[in-house]
Structure formats: structure tokens, C-alpha cells
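Chain residues, written in single-letter form:
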Amino acid sequence: MTDMGKHKRSLSSVDGEVSLRGDPAYGFVLRRALESAAEAPDDRLTHGFHVYPARMHPAIARVVLEELFEGGAADVLDPFCGGGTVVVEAMRAGWGALGTDLNPLAIRVARVRSELRKQGARDRFVGAVERVGRASTQRVQTRVDSRAEIGPEHRAKYEIHVLKELAGLLAEIRRSASKADRAAMEMVFSSLVIKCSKQRSDTNQDEVSRTLRKGLVTEMFVRKGRELGSRWAALDRAVPRGAEAPRRRG
């Protein structure tokens, strides 16, 4: 496993006066949740895997769950689960969780973030990632022809050699024998799609100049796959023994 890399500090630049309205009891909880988010240490669980627009800070979910469900809860339902922040925090607290969302990407991201994998399954996954990485590198070095089944609007967002490498990488991922590992690797791949494009970010479509050498996309995939293995390990340590994986609907 490898180090999880650099971490962004959410709400680190928030400043100004805080005002409360509505029920004082709930206002106190929300204020404490926001203050906790600003002071929270870097996340080591799976929250940081794969960006998701307007993601709730994990500390906010953690404090609200602790305050509103004091003494424990049988199950926590998040009807708009997005990337699964509330679901993962419910797991950390040892509660049952059910997450649902209309966005199919949300369900896939939440599923990977909330997987409870033991060491054997994690090692198998990282091994599969590394095998895919070697096969993709071989494709790049021998210039195997790879085609991306996307339209011209999306093709314009990538350098040609980057697009070919992404297409070849995806082809190798889909050769994986394990359905579970294949699904997780597809989400690792998904986490890189915008990073390797000319688009500034997931929520900003402005074009930027990015120079990516051949083979870098594959290296990023392998690093991100190893990082997911490390984050799964952190989640496994954080969740109480005997806890079950959450239920998901989408």
C-alpha cells in the first residue's frame, strides 16, 4: 500500500460572522458541525476517493449523527446519498445504513467508498490494479491501437495520445475476472477522467493546458488504485467489528 498523498483542507478559508436562526437546539448542532469541519484533521477514510460535486464534509455528517442520534440508532437512511458521506460516517459509528440516489454515478461512488474489504480482498484488488497497469504500459510502449467510443465533443477535451491511453486502460480493466474488482477499478478510472482532460475541474468546464507524457495516465491509475486499497484498510480499522456493509438503492 502507498501513502494517500496530499489532502485538501475543507472550510480552511471560511471566515466572518456566524448567525443562527430557527430552533436553537438544531442551530447549536449545525454550528458545532461547521466548526468541527473547519478544525477537522485530514480524512484518512474513503471520503477522499473520487470527487463528487457539493460533497458534505465528513465532520459535519459525523457531528450531526452523534448529536441527533445520541445513544445510538438502529439504522440511518440517506435518501440523497450522493457519494456516500453520511453512509460511511454511519458505518464508523457502528449503525446500519441505507443510501439511495437517482444518480447512477453517485451509487457507484458510494458503493466503492463504503465497501468493507478484509486484507485478502484488498491485496487481491491492488494486485489486479498492478496487473492492469503493466498491461496498459505494454500497450503504450508497443503502440497498440485503442479506440474510445465517444463523440467529437468529448474527444476534443483530450490530447490524442491521452485519449488512446485511457481507452486502452479501460479495455484492460474490463478484462479483469473479478466483477467486484472490475467495478472498483472502473471507479478508479472514473476518478481520473477529468484530471487527464483539458477541462479545469468536474464543476468548471473552462479549458486549461495540461501536458501529460505517455504512460502518466497509467501511473496515475496505479497510484490511485493503491490509495483506494489504503483507504479501505483505514475504513476497516475504523468500523466496529461485526458491522455490516450498508444497503444501497439507485
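These remarks concern the structure in this document.

Rules and cut-offs
Residues numbered from 1 in each chain as written. Predicted model: local features only at pLDDT ≥ 70, side-chain atom pairs only at ≥ 80, totals over all residues. Heavy atoms only, no water. Phe/Tyr/Trp six-rings, centres within 6.5 Å; stacked < 30°, edge-to-face > 60°. Helix = DSSP H or I, 4+ residues; strand = E, 2+ residues; numbered from the N terminus. Buried < 20%, exposed > 50% of the residue type's maximum accessible area, 1.4 Å probe, protein only. 1 Å grid on protein atoms, 1.4 Å probe; cavity = no way out; pocket = protein on both sides within 12 Å on 5 of 7 lines; lining within 4 Å. Points joined across faces, edges and corners; volume = space filled by probe spheres on them. Nonpolar A, V, L, I, M, F, W, Y, C, P; charged D, E, K, R; others polar. Contact = heavy atoms within 4.5 Å.

**Description of the packing of aromatic side chains**
1) Next: Applying the stated rule across the entire model yields one aromatic pair.
2) Next: Measuring from centroid to centroid gives 5.0 Å for Phe-125 and Trp-232, while their planes differ by 65°, and the two rings are edge-to-face. Here the residue Phe-125 occupies a position in helix α5 (residues 119-142), and Trp-232 occupies one in helix α9 (residues 216-238), the gap between them amounting to 107 residues.
3) Next: What makes Trp-232 buried here is its relative accessible area of 0%.

**Focus on the layout of surface pockets**
1) Next: Here the second largest pocket defines a volume of roughly 580 Å³.
2) Next: What lines the second largest pocket is a set of 24 residues, among which Leu-170, Glu-186, Phe-189, Ser-190 and Val-193 lie closest to the centre.
3) Next: Among the elements of the structure, α4 (104-113), α7 (160-173) and α8 (179-190) are those that each provide at least two residues to the lining of the second largest pocket.
4) Next: Broken down by class, the residue content of the lining of the second largest pocket amounts to 15 nonpolar, three polar and six charged.

**Examining helix α3 (residues 85-92)**
1) Next: Most of α3 is tucked away: seven of the eight residues are buried.
2) Next: Within the sequence span of α3, burial applies to Thr-85, Val-86, Val-87, Val-88, Glu-89, Ala-90 and Met-91.
3) Next: Where α3 is buried, its residues contact α2 (58-68), β1 (75-78), β2 (96-100), α4 and α9.
4) Next: Residue Gly-94 follows α3 closely and has a positive phi angle near 85°.

**Brief notes about empty space enclosed by the protein**
1) Next: In total, this model carries one cavity of 30 Å³ or more according to the counting rule given.
2) Next: The calculated volume of the largest cavity comes to roughly 40 Å³.
3) Next: Lining the largest cavity are Glu-159, Val-162, Cys-196, Ser-197, Lys-198, Arg-210 and Leu-212.
4) Next: Its residues placed into classes, the lining of the largest cavity shows three nonpolar, one polar and three charged.

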